[in-house]
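One letter stands for each residue in the lines below.
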Amino acid sequence: MHYTLVDLLKSEHIMMAVQAADAKAAIELLTAALVESGYAEPEFSVDVWKRELAFPTGLPTQPVAIAIPHADPDHVNNSAVCIGVLATPVEFGQMGTDGSIKLLVNIVFLLAIKEREKQVAMIQQLITLIQSPALLAGLISAKDKNQVLDLIQQTLNEEHK
Amino acid sequence: MINSISKVINDVGLHARPAAEFVKLASGFQASIKVRNLTSASAWVDAKSIISILMLGVSKDHEVELMADGLDEELAITTLRNLIESNFK
(Lines give C-alpha, C1' and ligand atoms only; values in the text may rest on other atoms or scores of the structure.)
Protein backbone atom coordinates (compact mmCIF):
# COMPACT_ATOMS: atom_id res chain seq x y z
CA MET A 1 0.00 0.00 0.00
CA HIS A 2 1.16 3.51 -0.77
CA TYR A 3 0.32 6.17 1.76
CA THR A 4 -1.02 9.64 1.30
CA LEU A 5 -0.36 12.39 3.79
CA VAL A 6 -3.84 12.15 5.30
CA ASP A 7 -3.30 8.44 6.10
CA LEU A 8 -0.28 9.38 8.19
CA LEU A 9 -1.77 12.33 10.07
CA LYS A 10 -3.26 11.43 13.42
CA SER A 11 -4.84 13.84 15.86
CA GLU A 12 -2.56 12.60 18.67
CA HIS A 13 0.47 13.64 16.60
CA ILE A 14 -0.62 17.24 16.24
CA MET A 15 0.61 19.58 18.96
CA MET A 16 -0.61 23.13 19.43
CA ALA A 17 1.09 26.04 21.22
CA VAL A 18 4.23 23.97 21.79
CA GLN A 19 6.51 25.56 24.40
CA ALA A 20 10.07 24.76 23.37
CA ALA A 21 13.22 26.67 24.31
CA ASP A 22 15.13 25.60 21.21
CA ALA A 23 15.13 23.26 18.21
CA LYS A 24 16.36 20.29 20.27
CA ALA A 25 13.55 20.73 22.79
CA ALA A 26 10.99 21.01 19.98
CA ILE A 27 12.26 17.77 18.43
CA GLU A 28 12.18 16.02 21.82
CA LEU A 29 8.57 17.08 22.44
CA LEU A 30 7.37 15.98 19.02
CA THR A 31 9.18 12.66 19.06
CA ALA A 32 7.76 12.04 22.57
CA ALA A 33 4.27 12.09 21.03
CA LEU A 34 5.37 9.40 18.56
CA VAL A 35 6.93 7.30 21.32
CA GLU A 36 3.79 7.57 23.45
CA SER A 37 1.58 6.27 20.64
CA GLY A 38 4.06 3.49 19.85
CA TYR A 39 5.00 4.85 16.43
CA ALA A 40 8.68 5.31 17.36
CA GLU A 41 11.23 4.13 19.91
CA PRO A 42 12.75 6.58 22.40
CA GLU A 43 16.07 6.47 20.46
CA PHE A 44 14.34 8.14 17.51
CA SER A 45 14.66 11.52 19.21
CA VAL A 46 18.47 11.16 19.34
CA ASP A 47 18.56 10.00 15.69
CA VAL A 48 16.57 13.04 14.57
CA TRP A 49 18.68 15.51 16.53
CA LYS A 50 21.96 14.02 15.28
CA ARG A 51 20.71 14.25 11.73
CA GLU A 52 19.48 17.81 12.26
CA LEU A 53 22.96 18.86 13.42
CA ALA A 54 24.61 17.27 10.36
CA PHE A 55 21.93 18.24 7.83
CA PRO A 56 19.70 21.08 9.02
CA THR A 57 16.07 21.05 7.83
CA GLY A 58 14.82 24.63 8.26
CA LEU A 59 13.08 26.04 5.18
CA PRO A 60 12.49 29.73 4.41
CA THR A 61 8.80 29.28 3.56
CA GLN A 62 6.22 32.12 3.56
CA PRO A 63 4.75 33.69 5.64
CA VAL A 64 6.60 31.74 8.37
CA ALA A 65 9.62 29.48 8.25
CA ILE A 66 9.19 25.78 8.97
CA ALA A 67 11.46 22.80 9.63
CA ILE A 68 11.07 19.19 8.51
CA PRO A 69 13.30 17.14 10.86
CA HIS A 70 13.54 13.41 10.17
CA ALA A 71 15.92 10.43 10.51
CA ASP A 72 16.65 6.96 9.22
CA PRO A 73 13.92 4.38 9.92
CA ASP A 74 15.93 2.32 12.47
CA HIS A 75 13.80 3.40 15.44
CA VAL A 76 10.51 3.96 13.62
CA ASN A 77 7.73 1.38 14.12
CA ASN A 78 5.03 2.99 11.97
CA SER A 79 5.19 5.89 9.59
CA ALA A 80 3.71 9.15 10.79
CA VAL A 81 3.81 12.90 10.34
CA CYS A 82 3.91 14.88 13.55
CA ILE A 83 3.02 18.58 13.40
CA GLY A 84 4.01 21.05 16.10
CA VAL A 85 2.79 24.63 15.99
CA LEU A 86 5.18 26.51 18.27
CA ALA A 87 4.05 29.07 20.85
CA THR A 88 7.22 31.05 20.16
CA PRO A 89 9.54 30.45 17.20
CA VAL A 90 12.88 28.68 17.68
CA GLU A 91 16.04 28.72 15.55
CA PHE A 92 16.74 25.88 13.10
CA GLY A 93 19.63 25.77 10.64
CA GLN A 94 18.63 26.28 7.01
CA MET A 95 18.55 23.20 4.78
CA GLY A 96 21.46 23.07 2.34
CA THR A 97 23.75 25.03 4.67
CA ASP A 98 26.12 23.85 7.40
CA GLY A 99 23.61 25.20 9.92
CA SER A 100 25.30 28.56 10.37
CA ILE A 101 22.39 30.25 8.59
CA LYS A 102 19.53 30.26 11.09
CA LEU A 103 15.81 30.56 10.52
CA LEU A 104 13.21 31.37 13.16
CA VAL A 105 10.81 28.49 12.71
CA ASN A 106 7.12 28.59 13.70
CA ILE A 107 5.92 25.17 12.56
CA VAL A 108 7.74 21.84 12.74
CA PHE A 109 6.73 18.90 10.54
CA LEU A 110 8.54 15.91 12.02
CA LEU A 111 8.59 12.93 9.69
CA ALA A 112 8.88 9.33 10.82
CA ILE A 113 9.33 7.23 7.72
CA LYS A 114 9.41 3.47 7.88
CA GLU A 115 9.34 2.42 4.23
CA ARG A 116 10.92 5.07 2.07
CA GLU A 117 9.79 3.54 -1.24
CA LYS A 118 6.12 3.67 -0.29
CA GLN A 119 6.18 7.20 1.01
CA VAL A 120 7.42 9.19 -1.92
CA ALA A 121 3.86 10.27 -2.82
CA MET A 122 3.24 11.40 0.75
CA ILE A 123 6.44 13.44 0.89
CA GLN A 124 5.65 15.07 -2.44
CA GLN A 125 2.24 16.06 -1.07
CA LEU A 126 3.93 17.54 1.96
CA ILE A 127 6.38 19.50 -0.19
CA THR A 128 3.42 20.95 -2.14
CA LEU A 129 1.58 21.79 1.09
CA ILE A 130 4.43 23.68 2.72
CA GLN A 131 4.67 25.90 -0.35
CA SER A 132 1.15 27.18 0.33
CA PRO A 133 1.41 30.49 2.24
CA ALA A 134 -2.35 30.34 2.93
CA LEU A 135 -2.01 26.97 4.64
CA LEU A 136 0.96 27.99 6.81
CA ALA A 137 -0.82 31.22 7.81
CA GLY A 138 -3.88 29.13 8.70
CA LEU A 139 -1.85 26.68 10.78
CA ILE A 140 -0.26 29.33 12.99
CA SER A 141 -3.65 30.82 13.79
CA ALA A 142 -5.52 27.51 14.10
CA LYS A 143 -7.48 27.14 17.33
CA ASP A 144 -7.27 23.37 17.71
CA LYS A 145 -6.11 20.10 16.17
CA ASN A 146 -9.28 19.58 14.16
CA GLN A 147 -8.79 22.92 12.48
CA VAL A 148 -5.24 21.87 11.54
CA LEU A 149 -6.50 18.62 10.02
CA ASP A 150 -9.33 20.44 8.18
CA LEU A 151 -6.95 23.04 6.74
CA ILE A 152 -4.60 20.35 5.43
CA GLN A 153 -7.45 18.34 3.94
CA GLN A 154 -8.84 21.46 2.25
CA THR A 155 -5.46 22.39 0.79
CA LEU A 156 -4.95 18.85 -0.53
CA ASN A 157 -8.42 18.89 -2.12
CA GLU A 158 -7.66 22.19 -3.84
CA GLU A 159 -4.43 20.75 -5.25
CA HIS A 160 -6.42 17.96 -6.88
CA LYS A 161 -8.89 20.28 -8.62
CA MET B 1 36.55 13.80 -1.88
CA ILE B 2 35.30 13.45 -5.44
CA ASN B 3 32.69 15.18 -7.57
CA SER B 4 30.77 14.21 -10.66
CA ILE B 5 28.16 15.88 -12.88
CA SER B 6 25.39 13.92 -14.62
CA LYS B 7 22.39 14.75 -16.74
CA VAL B 8 19.11 13.16 -15.73
CA ILE B 9 17.53 11.55 -18.78
CA ASN B 10 14.57 9.58 -17.45
CA ASP B 11 11.08 11.06 -17.88
CA VAL B 12 10.11 11.70 -14.26
CA GLY B 13 13.52 12.98 -13.12
CA LEU B 14 14.48 12.33 -9.48
CA HIS B 15 10.93 11.79 -8.27
CA ALA B 16 8.78 8.82 -7.38
CA ARG B 17 10.50 5.43 -7.77
CA PRO B 18 13.82 6.78 -9.16
CA ALA B 19 14.17 9.08 -6.14
CA ALA B 20 13.57 6.19 -3.74
CA GLU B 21 16.04 3.98 -5.63
CA PHE B 22 18.67 6.67 -5.66
CA VAL B 23 18.38 7.18 -1.87
CA LYS B 24 18.36 3.45 -1.17
CA LEU B 25 21.55 2.98 -3.15
CA ALA B 26 23.21 6.07 -1.64
CA SER B 27 22.35 4.93 1.88
CA GLY B 28 24.36 1.75 1.35
CA PHE B 29 27.66 3.61 1.22
CA GLN B 30 29.76 4.63 4.15
CA ALA B 31 30.88 7.85 2.47
CA SER B 32 29.03 11.08 3.11
CA ILE B 33 27.24 11.88 -0.16
CA LYS B 34 25.75 15.18 -1.17
CA VAL B 35 23.91 16.22 -4.29
CA ARG B 36 22.76 19.48 -5.82
CA ASN B 37 20.62 20.47 -8.77
CA LEU B 38 22.91 22.52 -11.02
CA THR B 39 20.05 23.50 -13.32
CA SER B 40 18.10 25.21 -10.54
CA ALA B 41 21.28 26.26 -8.71
CA SER B 42 20.14 24.53 -5.53
CA ALA B 43 22.19 24.14 -2.36
CA TRP B 44 23.95 20.85 -1.54
CA VAL B 45 21.68 18.36 0.22
CA ASP B 46 22.08 14.92 1.79
CA ALA B 47 21.83 12.20 -0.88
CA LYS B 48 20.71 9.69 1.78
CA SER B 49 17.49 11.57 2.61
CA ILE B 50 14.43 10.96 0.45
CA ILE B 51 12.97 14.27 1.64
CA SER B 52 16.03 16.25 0.60
CA ILE B 53 16.13 14.55 -2.79
CA LEU B 54 12.47 15.27 -3.49
CA MET B 55 12.95 18.89 -2.43
CA LEU B 56 15.64 19.28 -5.12
CA GLY B 57 12.94 19.16 -7.80
CA VAL B 58 15.14 17.38 -10.35
CA SER B 59 13.28 16.97 -13.66
CA LYS B 60 14.22 15.42 -17.00
CA ASP B 61 17.28 17.07 -18.61
CA HIS B 62 18.39 18.68 -15.35
CA GLU B 63 22.06 18.41 -14.44
CA VAL B 64 22.94 17.19 -10.98
CA GLU B 65 26.29 17.22 -9.25
CA LEU B 66 27.28 14.49 -6.81
CA MET B 67 29.96 14.80 -4.16
CA ALA B 68 31.18 11.93 -1.99
CA ASP B 69 33.64 11.93 0.87
CA GLY B 70 34.77 8.74 2.58
CA LEU B 71 36.42 5.36 2.14
CA ASP B 72 34.08 4.11 -0.60
CA GLU B 73 33.64 7.50 -2.30
CA GLU B 74 34.75 6.31 -5.71
CA LEU B 75 32.41 3.33 -5.77
CA ALA B 76 29.58 5.51 -4.46
CA ILE B 77 29.98 8.09 -7.22
CA THR B 78 30.37 5.47 -9.96
CA THR B 79 27.33 3.51 -8.79
CA LEU B 80 25.06 6.55 -8.44
CA ARG B 81 26.21 8.04 -11.72
CA ASN B 82 25.53 4.74 -13.46
CA LEU B 83 22.03 4.67 -11.97
CA ILE B 84 21.23 8.20 -13.17
CA GLU B 85 22.71 7.67 -16.61
CA SER B 86 21.07 4.25 -17.04
CA ASN B 87 17.61 5.81 -17.04
CA PHE B 88 16.91 4.05 -13.72
CA LYS B 89 16.44 0.68 -15.36
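Scroll up to find the structure.
Rules behind the numbers
Residues numbered from 1 in each chain as written. Chains lettered and ligands numbered in written order. Predicted model: local features only at pLDDT ≥ 70, side-chain atom pairs only at ≥ 80, totals over all residues. Heavy atoms only, no water. Helix = DSSP H or I, 4+ residues; strand = E, 2+ residues; numbered from the N terminus. Rg over C-alpha atoms; globule rule 2.2 N^0.38 Å. Buried < 20%, exposed > 50% of the residue type's maximum accessible area, 1.4 Å probe, protein only. Contact = heavy atoms within 4.5 Å. Areas by Shrake-Rupley, 256 points an atom, 1.4 Å probe, with all protein chains shown as cover. Lys, Arg positive; Asp, Glu negative; His and termini not counted. Charge placed at Lys NZ, Arg CZ, Asp CG, Glu CD. Pairing = 2+ DSSP bridges. Buried area = accessible area lost by both parts, 1.4 Å probe. Salt bridge = Lys/Arg side-chain N within 4 Å of Asp/Glu carboxyl O. Polar contact = N/O pair within 3.5 Å; in protein donor to acceptor, adjacent residues only side chain to side chain. Nonpolar A, V, L, I, M, F, W, Y, C, P; charged D, E, K, R; others polar.

Undergrad: Would you mind showing me how to read the overall build of chain A here?
TA: Along chain A, the regular secondary structure elements total six helices and five strands. N-terminal to C-terminal, the α/β element order of chain A is α-β-α-α-β-β-β-β-α-α-α. In terms of C-alpha radius of gyration, chain A reaches 14 Å, essentially the compact-globule figure of 15 Å for 161 residues. Dimensions along the principal axes, computed over C-alpha positions, put chain A at roughly 40 × 35 × 25 Å. By residue count, 51% of the 161 residues in chain A fall in the buried class. Restricting to contacts in chain A with at least 6 residues of sequence separation, those with at least 24 account for 70%. Only carbon and sulfur atoms are counted for the fraction: they give 52% of the accessible area of chain A, which is about 7300 Å². The average position of the 11 basic charges and that of the 19 acidic charges among the side chains of chain A differ by 1 Å.

Undergrad: What should I look at first to understand the sheet that holds strand β4 (residues 63–69) of chain B in this one?
TA: Strand pairing within a sheet occurs via backbone hydrogen bonds; the two strands may be parallel or antiparallel. Across the sheet, four strands lie side by side as β1-β4-β2-β3 (chain B); this open sheet has antiparallel pairing. The open sheet is flanked by β1 (2–7) and β3 (45–46) of chain B, the only strands paired with a single partner.

Undergrad: What exactly am I supposed to notice about the interface of chain B and chain A here?
TA: Accessible area lost upon the coming together of the parts is a frequently used measure of interface size. Between chain B and chain A, the contact holds 18 residues from the first and 15 residues from the second. Summed over both sides, the interface between chain B and chain A buries roughly 1500 Å², with carbon and sulfur atoms accounting for 73% of that surface. Area buried by chain B at its contact with chain A is led by I51(B), L54(B) and M55(B), which between them contribute 40% of it. The tally of links from chain B across to chain A stands at one salt bridge. Our count for the chain B to chain A interface comes out at two residue pairs in polar contact (both at pLDDT 80 or more). Where the side of chain B that touches chain A is concerned, the elements lending two or more residues are α1 (16–27), β3 and α2 (50–55) of chain B. In the side of chain B that touches chain A, the residues fall into 10 nonpolar, four polar and four charged.

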